[in-house]
Amino acid sequence: MQVYAKPKSIKENSSFTFCSGCDHGLALKLVASVIDELDIQQDTIAVASSGCSVFLYNFLEVDCIESPHGRACAVATGVKRAHKARNNDKIVFTYQGDGDFASIGLGESIHSALRGENITAICINNTNYGMTGGQLGPTTAMGQITTTSPTGRNREYHGFPIKTAEHIALCEGTAFSARVALYDIKNIYNAKNMIKKAFEYQKKGLGFSFVEILSSCPTNWKLSPSDSHKKIKEELTKVYPLKVFKDVLNG
Amino acid sequence: MSEKELLKGNIAIAASALNSGCECYFGYPITPQTEIGEYLSYEMQKRNLAYVCAESEIAAINMALGAASTGAKVMTSSSSCAVSLMQEAISYACCDELPIVIVNVMRAGPGQGYIYPSQGDYNQSTKGGGNGDYQVIVLSPSSVQECVDLTSRAFYLAQKYRNPVILLADGMLGQMAEPAIIDCNKYEEIDNSSWRLDGAKNRPAREIHSLEPSQLKLNQHILNLKKKYDLIENSEVDYEEYMTDDADIIITAFGTMGRCAKEVVNHYRMQGVKMGLFRPITLYPFPLIRLRELSYRVKTFIDIEMNLGQMLKDVQLAILSNASVAFVGKPVGDWLKKEEMIEAIDNIIKEQYAGIR
Amino acid sequence: MSYIVIDSSKCKSCYLCMEVCPNKLIKKSGNVGKTGEYTVEFVDKENKCTGCAMCAMMCPDIAITGVYKE
């Protein structure tokens, strides 16, 4: 009996173009499984962004529009509202990196949450700008070395990183906000449940749902995939705690 | 609504948009076009249509981008310096082939400028303010009735060509009231079921994107867009001619200036000067061929604009004959008065014809 | 007897599956894959595979295309 198979919502014959050991693949697989389990593949419209997350449409068998850098939540708002104006309730989600969601697009992200826009945003937080070769981003941890913070992130030059899931949780229109990681099986299961919950909350029309996925970037961190997961487990989860920060249905 | 009523330009645009089937509006306030958003906020909520007070013009145009991908009829409106903020998404919309109607009720620039009258956005609208090879269709009304009619046409052309359309009005048109009729929408509905994103039901998933790593495909896509622009240039040119049949001198002017220039033509006709007016209604596609035809029998063109001569370059490009081209204009401030224009034109005529005698 | 199927054309040699397998049944093969490193192979001479599917859950590239349990 087959107990594991490729999620149906992943395109046949497609191969992820991410680097070896990159958590983007894991995250996309989870999103695809959730789409399968909720049986929403035919009703879902995905919004891709700029950065490593851009090729979403090459991997997922759902309708997809690319958005300009940072504007995914605004584009998703347009998609969702336009369908609603025709009495079609579609499931709309964005798949963005932390640079896209929390730096260049922070305005669009926060305001979508404040409006309680009934969409889901998935944000891959790998603490740097991965596509361009690992520069300092909004989520780069204090002391972390990147190509534009050669002596480590410091207060004097760079200031502090953003705790995205915590900020989104503060918005009244947010129905669900959580941070998850993918460094072991237990966390992968948990991440999938959280992503599922986010989509379910959208289905129920509860408002903005958000999952920040603490992810590895082995290439730019210059660590092996395994050591990258160790770094997340031992260091980054101390900076970015794994937690549900807001859940309107559970206190 | 099928009787003439007194309408303010901004309201005429908004009401005509609704009448043309606009389903989604996204906007951010800026003078002198704010009434468009105010009017629609009430009317669209009443009809359960999509209306968002966006957090910025950048968000507004990107919401429009998303909404347009569903095949809906979408509009946003703004003014000069804030339309500058929208240029990135307009470039995307052209590459993605998404129909969006963008209303620009012009004010003075550069930068923040002020709410003074100006026609300073001709270049930005017709030559593109964003990156890459692309073209936006640009319609230029000169009366409140044309605000109504061209808004309808903008929605139609946007859907027909899957391309953004800019309605380039100005503060004068936006703020003035005159009698106009909003009739039933005369344009046919365009079927967009072959490309819109409405869920991959009984068909493969669709994707809309501008990113294209394949050099071959990217080249081909841009060449295909060029073919579309050629088709637009061959089919959608529109202009008004006033007393051009026997004219020796033709004034070229668009929008509000085109309307004011009619008075100038009347003045010279009274004095026996054979003058006419050529007013492009589509700024892109520019009526280049017709202007070229006229140039073979006209001695002088006088281009009048509320800017430093932006359409002037297109007029010069059109004219291959020995006809001379003069310019009358100023960048911002009160609209050029009839007397100011006449004084300037008197001087031009004096100079031009002094040499001949 | 449980087993897994690996599509080595998709394997990017991250070796996360090797680490997560409770019985260490996934090993480096002698074949070089798309990243220039050895791809992995499934070696289970003593039928120890329980079909837990943790390797497939962990694979970022869906190179472990199926897990079969009996």
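Colleague: Help me get a handle on the overall build of chain B, residues and values and all.
Modeller: Counting secondary structure elements, chain B contains 13 helices and 15 strands. Whereas a compact globule of 357 residues would reach a radius of gyration of roughly 21 Å, chain B reaches 21 Å, a difference of no more than 12%. Seen through its principal axes, chain B has C-alpha atoms that stretch 75 × 50 × 40 Å. Per-residue burial over chain B gives 58% buried out of 357 residues. In chain B, 34 positive and 44 negative side-chain charges are present, and the distance between their average locations comes to 3 Å.

Colleague: Mind laying out the interface of chain B and chain A, listing which residues take part and the relevant values?
Modeller: With 42 residues of chain B in contact, the opposing surface of chain A contributes 35 residues. Scanning the region where chain B abuts chain A turns up five salt bridges. A salt bridge links Arg 203 of chain B to Asp 63 of chain A, with the nearest nitrogen and oxygen atoms 2.6 Å apart. At the junction of chain B and chain A, the tally comes to 18 residue pairs in polar contact (both at pLDDT 80 or more). For the side of chain B that touches chain A, the elements supplying multiple residues, two or more each, are β2 (24–27), β3 (50–53), α3 (57–68), α5 (87–96) and β9 (207–208) of chain B. Counting residues per element, the side of chain B that touches chain A draws most heavily on α3 of chain B, which supplies seven residues. Along the lines of polarity and charge, the residues of the side of chain B that touches chain A split into 21 nonpolar, eleven polar and ten charged. The pairing of strand β3 (residues 63–66) of chain A with β9 of chain B spans two bridges and is parallel.

Colleague: Outline the pairing of strand β2 (residues 44–48) of chain A, listing residues and values.
Modeller: Residues and elements named next belong to chain A. Counting buried residues along β2, five of its five residues qualify, which places the element largely inside the surrounding structure. The side-chain alternation of β2 yields two buried faces, one formed by Thr 44, Ala 46 and Ala 48 and the other by Ile 45 and Val 47. Inspection of the sheet shows β2 paired to strand β4 (residues 91–97) by five bridges, in the parallel sense. For Val 47, the partnering residue across the bridge sits in β4 and is Thr 94.

Colleague: Would you mind going over the packing of aromatic side chains in detail, with residue names and values included?
Modeller: Residues and elements named next belong to chain A. Inspection of every chain in the model, using the stated rule, returns 13 aromatic pairs over all chains. Here Phe 16 and Phe 59 contribute two aromatic rings whose centre-to-centre distance is 5.0 Å and whose plane-to-plane angle is 90°, an arrangement assigned as edge-to-face. Taken as a pair, Phe 16 in the loop between β1 (2–5) and α1 (23–37) and Phe 59 in helix α2 (residues 56–59) lie far apart in primary sequence, 43 residues in all. For Phe 59, a relative accessible area of 2% gives the class buried. Taken together through their ring pairs, the aromatic side chains of Phe 16, Phe 18 and Phe 59 make up a single cluster.

Colleague: Give a description of the sheet that holds strand β12 (residues 275–280) of chain B that names residues and reports values.
Modeller: Within a sheet, neighbouring strands are paired by backbone hydrogen bonds and run either parallel or antiparallel to one another. Residue and element names in this part refer to chain B. Read across the sheet, five strands follow the order β10-β12-β11-β14-β15 without closing on themselves; strand pairing throughout is mixed. The strands lining the two open edges of the sheet, one partner per strand, are β10 (239–242) and β15 (324–329). Pairwise comparison of adjacent strand axes, ignoring direction, gives a mean angle of 20° for this sheet. Sheet analysis places strand β11 (residues 249–252) next to β12, joined by four bridges and oriented parallel.

Colleague: Tell me about a negative patch on the surface, and please be specific about residues and values.
Modeller: Where like charges cluster on the molecular surface, the negative patch consists of Asp 334, Glu 339, Glu 340, Glu 343 and Asp 346 of chain B. Counting through the fold element by element, Glu 339 of chain B comes out in helix α13 (residues 338–356).

Colleague: Can you break down the nonpolar core residue by residue, with the values?
Modeller: Side chains of nonpolar character tend, in soluble globular proteins, to be buried together. Formed by 116 residues in total, the largest nonpolar core has its most connected members in Phe 101 and Phe 208 of chain A together with Phe 26, Ile 36, Leu 40 and Met 75 of chain B. The residues contacting Ile 36 of chain B, other than those within four sequence positions of it, are Asn 10, Ile 13, Ala 14, Tyr 25, Met 75, Ser 77, Val 103 and Val 105 of chain B. Counting residues in each nonpolar core, the second largest holds 64 residues, with Val 31 and Val 62 of chain A together with Cys 17 and Ala 56 of chain C among its members.

Colleague: Got a sec to walk through helix α12 (residues 311–318) of chain B? Specific residues and values, please.
Modeller: All names here are of chain B. Residues Met 311, Leu 312, Asp 314, Val 315 and Ala 318 constitute the buried set of α12. Burial along α12 is one-sided: seen end-on, the buried residues are contained in an arc of 160°. Structurally, α12 contributes buried residues whose contacts are with α6 (122–127), β11, β12, α11 (288–295), β14 (300–305) and β15.

Colleague: Account for the arrangement of the chains, with residues named and values stated.
Modeller: For this structure, the chain pair with the highest number of contacts among two pairs of chains in contact is chains A and B. Across the gap from chain B to chain C, with no contact made, the nearest C-alpha atoms are 20 Å apart.

Colleague: For the domain arrangement of chain B, give the residues involved together with the corresponding values.
Modeller: Residue and element names in this part refer to chain B. Along its sequence, chain B is organised into domain 1 (5–192 + 206–235) and domain 2 (240–356). The centre of domain 1, based on its C-alpha atoms, is set 28 Å off from the matching centre of domain 2. With 34 residues of domain 1 in contact, the opposing surface of domain 2 contributes 23 residues. Carbon and sulfur atoms make up 53% of the surface buried where domain 1 meets domain 2, a total of about 2300 Å² over both sides. Connecting domain 1 to domain 2 are three salt bridges. We note a salt bridge from Glu 178 to Arg 259, for which the minimum N-O separation is 2.7 Å. Run the count over domain 1 and domain 2 and you get 22 residue pairs in polar contact (both at pLDDT 80 or more). Within the residue set of the side of domain 1 that touches domain 2, elements represented by two or more residues are α6, β6 (137–139), α7 (144–161), β7 (165–170), α8 (171–175) and α9 (215–235). The dominant element in the side of domain 1 that touches domain 2, judged by the number of residues it contributes, is α6, at four residues.

Colleague: Which residues make up the sheet that holds β3 of chain B, and what values do they have?
Modeller: Residue and element names in this part refer to chain B. Across the sheet, seven strands lie side by side as β3-β2-β4-β5-β7-β6-β13; this open sheet has mixed pairing. Taken across any chain shown, the strands that pair with only one partner, and hence form the sheet edges, are β3 and β13 (282–284). Looking at each pair of strands side by side, their axes are set apart by 20° on average, direction ignored. As paired strands, strand β5 (residues 101–106) and β7 are joined by six bridges and run parallel to one another. Across the sheet, the residue bridging to Val 103 is Leu 167, located in β7.

The rules behind the values
- Residues numbered from 1 in each chain as written.
- Chains lettered and ligands numbered in written order.
- Predicted model: local features only at pLDDT ≥ 70, side-chain atom pairs only at ≥ 80, totals over all residues.
- Heavy atoms only, no water.
- Helix = DSSP H or I, 4+ residues; strand = E, 2+ residues; numbered from the N terminus.
- Rg over C-alpha atoms; globule rule 2.2 N^0.38 Å.
- Buried < 20%, exposed > 50% of the residue type's maximum accessible area, 1.4 Å probe, protein only.
- Lys, Arg positive; Asp, Glu negative; His and termini not counted.
- Charge placed at Lys NZ, Arg CZ, Asp CG, Glu CD.
- Contact = heavy atoms within 4.5 Å.
- Salt bridge = Lys/Arg side-chain N within 4 Å of Asp/Glu carboxyl O.
- Polar contact = N/O pair within 3.5 Å; in protein donor to acceptor, adjacent residues only side chain to side chain.
- Nonpolar A, V, L, I, M, F, W, Y, C, P; charged D, E, K, R; others polar.
- Pairing = 2+ DSSP bridges.
- Phe/Tyr/Trp six-rings, centres within 6.5 Å; stacked < 30°, edge-to-face > 60°.
- Axes fitted to C-alpha atoms, helices over the stretch in contact; angles between N-to-C directions.
- Patch = residues over 30% accessible without salt bridge, like charges linked within 9 Å, V, L, I, M, F, W, Y side chains within 5 Å.
- Areas by Shrake-Rupley, 256 points an atom, 1.4 Å probe, with all protein chains shown as cover.
- Core = buried A, V, L, I, M, F, W, Y, C linked by side-chain atoms within 4.5 Å.
- Arc of directions from axis to C-beta.
- Domains from an automatic or database assignment.
- Buried area = accessible area lost by both parts, 1.4 Å probe.

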